[in-house]
Amino acid sequence: MIARLTLALLCCGTAMAGFSPVLDRIEPRGGQRGTELVMHFHGERLDGLQELLAYQPGIEVRSFAAENDKHATAKIFIRPDAPLGEHQFRIRGKGGITYLRSFFVGQFPTVDESDPNDTPEQAQRIEPNTTGQGVVKLEDVDYYVCSLKKGQRFSAEVEAMRLGRTLFDSHVAIVDAKGFEIAACDDAPLLRTDSFVSVLIPEDGDYRVIVREAAYEGSDACQYRLSIGTFTRPTAVFPNGARAGETTGFKFIGDPAGEFTEAIAIPAGASGRFPLFPSRDGMSAPSPLWIMVSPLASAIEAEPNASTKEASPAPDIPFAMHGIIGEKQDVDFIRFKAAKGDNLTLKVLARELRSPLDAVLAVRDAKGKNLANNDDQGGLDPILPWTAPEDGEYHAVIRDHLQRGGPDFTYRLEVTRRSAAIGASLPVVERNDSQKGKVISVPRGNRYAAVVNFTRENIGCDLKFEAESLPAGVSLKAPQIPRAANTAPVVFEAAADAPLAGALHRFKVKSAGDAPPLEGMLRDVVHHVEVNNQGAYHSAESDRIAVAVIDEAPFRIELEAPPVPIVKNGTLHLKVRATRKQGYAEPITLRFVWNPPGIGTPVNLTLPGDKLEALYEVNATADATPGEWQVCVAGEAKTPQGPVLVSTALVPLRIAEPYLAMTIDMAAAEQGKPVTMACKVDYTANFTGTATAELLGLPHGAKSRSVSFPHGQAEVQFPVEIAADAKTGKHTALFCRVTVPENGHTILHQVGQGGTLRIDPPTAAVTKADAKPVAPTPGEKPLSRLEQLRQRGGKTP
């Protein structure tokens with residue numbers, strides 16, 4: 001379900017709202033179930049907001065109001081059954097869609113931090129089972145205080161990095177009335193860089209919760225939500241997997257009041273990572289524990305199983321096994337049967353499900369001989385592709401990398417046969433800005449181009465890309481993706497009368513051609529917090545992409561389909577034409593959206609405000625992939641309402657083998673004397689008319705004129721003039737540029753690379769007296785003519 005409210009119901013916005021709205025932050029960062037609140041949006045060009053696109057259900061928008069182009073508000077209602085935890089949303093306006101931002105739904109009332117609360121004496125008193133919202137500035141420490149009874153469970157959990165605002169490594173602690181620390185946490189595997197503590201209170205009294213940045217840093221962007229109360233806060237769940245549509249009994253581990261079990265029904269449509277919110281004493285944990293939902297048959301390990309003789313038996317392949325590395329130096333052996341030639345994938349899920357286990361996976365035969373092993377290949381957990389050498393029993397062996405263990409060191413082992421799979425995603429186009437280009441905003445009567453990445457596992461096939469649905473008036477043009485390509489451009493086009501509207505849409509990729517039928521989904525990941533080479537700290541994944549029709553742009557661009565192909569090592573000029581609204585004279589930045597394999601183009605090209613056409617030079621390498629490829633050009637320009645991006649339609653670009661090849665014979669000449677350079681011609685394709693060749697790469701002081709020749713002529717000769725001051729030496733960068741006629745156009749070839757011309761100084765004049773031979777000393781070998789000239793100081797050729 002998507003929470004939506006169109007502007008037709010509201011009294012906000014302008015006749016021409018801002019293009020490309022920017023949502024920097026929202027306030028507050030969360031709210032309580034069953035309450036109404038005013039959400040504040042801060043950013044740029046927010047005056048044309050029309051609706052909130054929510055990725056999770058439970059938030060109803062009752063009204064919007066635009067304070068100005070930098071501040072807008074929405075009155076929202078959080079339904080009593082809204083899912084707890086993180087909710088992702090975007091805001092759609094008449095001029096575009098914002099980046100993804102997050103909002104947290106909690107079970108407790110929210111109070112704002114009340115400064116000063118920087119010392120134990122100034123601690124802000126709040127009731128248990130409350131969520132505080134605050135900011136940790138540089139060297140700031142925030143104190144909260146609650147009155148508690150002996151034996152009560154007391155938990156505190158911080159949402160800091162998960163708010164997605166900035167790199168905020170939180171630290172939380174509980175201290176008693178005397179200032180003694182009874183629990184503290186910096187990072188926790190369950191929450192990664194966020195933190196939580198949960199203890200049983202030792203005696204009646206006041207207890208303070210301390211929140212700060214781990215290194216006493218901080219800034220105005222270091223916001224947090226701190227849930228304080230008597231709620232349960234387990235650290236692990238077991239088993240950490242289940243089947244969709246079934247009710248499973250789960251054991252929750254790590255509550256200071258003791259382990260407990262809860263039967264939870266898994267929705268029929270669930271798949272992949274799935275959140276479980278444990279509930280105890282009428283309250284839930286503020287954030288979930290994670291399990292994997294799949295149709296695999298599963299079993300639970302039985303201790304002891306630390307050797308091949310004691311190994312826990314697994315179901316038939318494919319299967320899942322659930323286990324716990326329960327103590328230091330614990331090792332689990334899982335026995336399974338495989339047939340010779342079985343191509344299997346063994347995968348341990350631990351860190352992915354927020355377990356502290358740093359798993360190492362190995363495969364051994366029935367006698368205990370090690371056959372294969374893996375530790376964190378390509379991710380946080382080990383994945384081991386393996387082929388059974390013969391029929392028999394084998395053992396999957398699991399341990400912690402540092403030989404650690406504990407009751408919450410849970411894992412799920414999946415053993416499946418490798419099968420074909422396909423999928424798609426949107427690429428990251430800018431470092432440290434994974435959200436750029438992740439929404440589709442199509443101006444009325446115009447187009448928008450995007451690049452899609454494609455993946456294939458255990459199959460090579462052509463692919464088709466399709467939309468399950470699109471906004472009214474929007475169409476999708478997507479070429480068939482050849483098996484050699486992993487990326488391709490697609491173009492969305494909106495009719496001139498398409499309604500200004502948008503939604504979250506799913507896209508599919510399907511096998512094409514003679515491949516067996518396969519289908520996969522496009523899944524997108526954005527990183528809310530990422531730092532250079534450190535990677536992402538908090539991310540969000542979805543199988544839906546925001547697509548919208550927006551206000552008309554003040555220009556359109558068209559790419560003319562080239563009438564001739566580009567050949568390997570060749571060059572082609574493509575014409576881009578712009579249509580501008582009257583009075584619009586802003587420069588348009590043009591760029592190729594995507595290049596076929598072996599094709600190179602300038603990063604961008606500027607079309608000046610007083611121009612309507614531009615030529616885009618395209619170059620092909622020697623290993624460019626022949627065939628017909630679909631290409632397009634994007635154009636971005638400023639407007640009084642902000643930047644707007646459009647594209648051309650897809651047009652075919654044909655890459656062909658060269659029509660001819662040339663070999664340049666080596667030539668030598670003296671300064672001031674002309675020379676003729678001969679080029680042998682080999683023809684690989686027919687053409688009619690006369691080709692024209694130019695000799696390029698000549699050194700300073702050497703020049704040649706172009707030469708025309710018909711198809712079939714075996715040799716082309718270039719007359720080369722050598723100036724008296726031409727640069728001497730061996731010049732090896734010569735090549736030929738040849739234009740071949742076709743259908744009234746020309747195809748530019750670059751051939752004959754590596755041609756050589758040697759330019760020597762002129763031979764010195766030799767007089768009759770100088771020419772007299774030098775008599776050799778008796779017993780000496782007579783001097784050659786060259787050596788005689790050297791002795792006289794003469795110059796040699």
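Structural notes, computed from the coordinates. Predicted, not measured: the structure shown is a model, and the values here were computed from it.

1. Thoughts on the packing of aromatic side chains
Under the counting rule described, the total for this entry stands at 14 aromatic pairs. With a centroid separation of 6.4 Å and an interplanar angle of 45°, the aromatic rings of F41 and F64 are classed as tilted. Here the residue F41 occupies a position in strand β3 (residues 36-44), and F64 occupies one in strand β5 (residues 59-68), the gap between them amounting to 23 residues. Here the guanidinium or amino end of R233 rests over the ring plane of F196, the centre of that ring lying 5.6 Å away. A cation over a ring is seen here: R273 above W290, with NZ or CZ 4.1 Å from the ring centre.

2. Side note on the sheet that holds strand β49 (residues 545-550)
The sheet built from three strands is open, its strands ordered β39-β49-β44 with mixed pairing. Whereas interior strands pair on both sides, the edge strands pair on one side only; in this sheet they are β39 (440-443) and β44 (502-505). Along the sheet, successive strands turn relative to each other by an average axial angle of 20°, direction set aside.

3. Points about the environment of Y144
Within the secondary structure, Y144 sits in strand β13 (residues 141-148). On the basis of relative accessible area, Y144 is assigned to the buried category, the value being 1%. Counting along the chain gives 618 residues from Y144 to P762, while the straight-line C-alpha distance between them is 94 Å. Look past the residues within four positions of Y144 in its chain and what remains in contact with it is E113, N117, A123, Q124, I126, Y207, R208, V209, Y224, L226 and I228.

4. Some details on the sheet that holds strand β11 (residues 124-125)
Sheets are built from strands that pair by backbone hydrogen bonding, the pairs being arranged parallel or antiparallel. Pairing is mixed across the open sheet formed by five strands, whose spatial order is β11-β13-β18-β15-β16. Taken across any chain shown, the strands that pair with only one partner, and hence form the sheet edges, are β11 and β16 (181-185). Inspection of the sheet shows β13 paired to strand β18 (residues 205-213) by eight bridges, in the antiparallel sense. If you follow Y143 over to β18, its bridge partner there is I210.

5. A few points about the pairing of strand β14 (residues 153-159)
Note on strand geometry: in a regular strand, side chains alternate between the two faces of the sheet. Among the seven residues that make up β14, seven are buried, leaving the element largely enclosed by the rest of the structure. Strand direction decides the pairing type here: β14 and strand β17 (residues 196-200), joined by five bridges, are antiparallel. Bridged to F154 within β17 is V199.

6. Some remarks on the pattern of salt bridges
Applying the stated rule across the entire model yields 43 salt bridges. Between E259 and K251 there is a salt bridge whose closest N-O contact spans 4.0 Å. Take K251: its relative accessible area is 29%, and that puts it in the partly exposed class. Between E519 and K508 there is a salt bridge; the shortest N-O distance is 3.2 Å. Placement of E519 in strand β46 (residues 519-521) and of K508 in strand β45 (residues 507-512) is noted, with a sequence separation of 11 residues between them.

Basis of the calculations
- Residues numbered from 1 in each chain as written.
- Predicted model: local features only at pLDDT ≥ 70, side-chain atom pairs only at ≥ 80, totals over all residues.
- Heavy atoms only, no water.
- Phe/Tyr/Trp six-rings, centres within 6.5 Å; stacked < 30°, edge-to-face > 60°.
- Helix = DSSP H or I, 4+ residues; strand = E, 2+ residues; numbered from the N terminus.
- Lys NZ or Arg CZ within 6 Å of the ring centre and 35° of its normal.
- Pairing = 2+ DSSP bridges.
- Axes fitted to C-alpha atoms, helices over the stretch in contact; angles between N-to-C directions.
- Buried < 20%, exposed > 50% of the residue type's maximum accessible area, 1.4 Å probe, protein only.
- Contact = heavy atoms within 4.5 Å.
- Salt bridge = Lys/Arg side-chain N within 4 Å of Asp/Glu carboxyl O.

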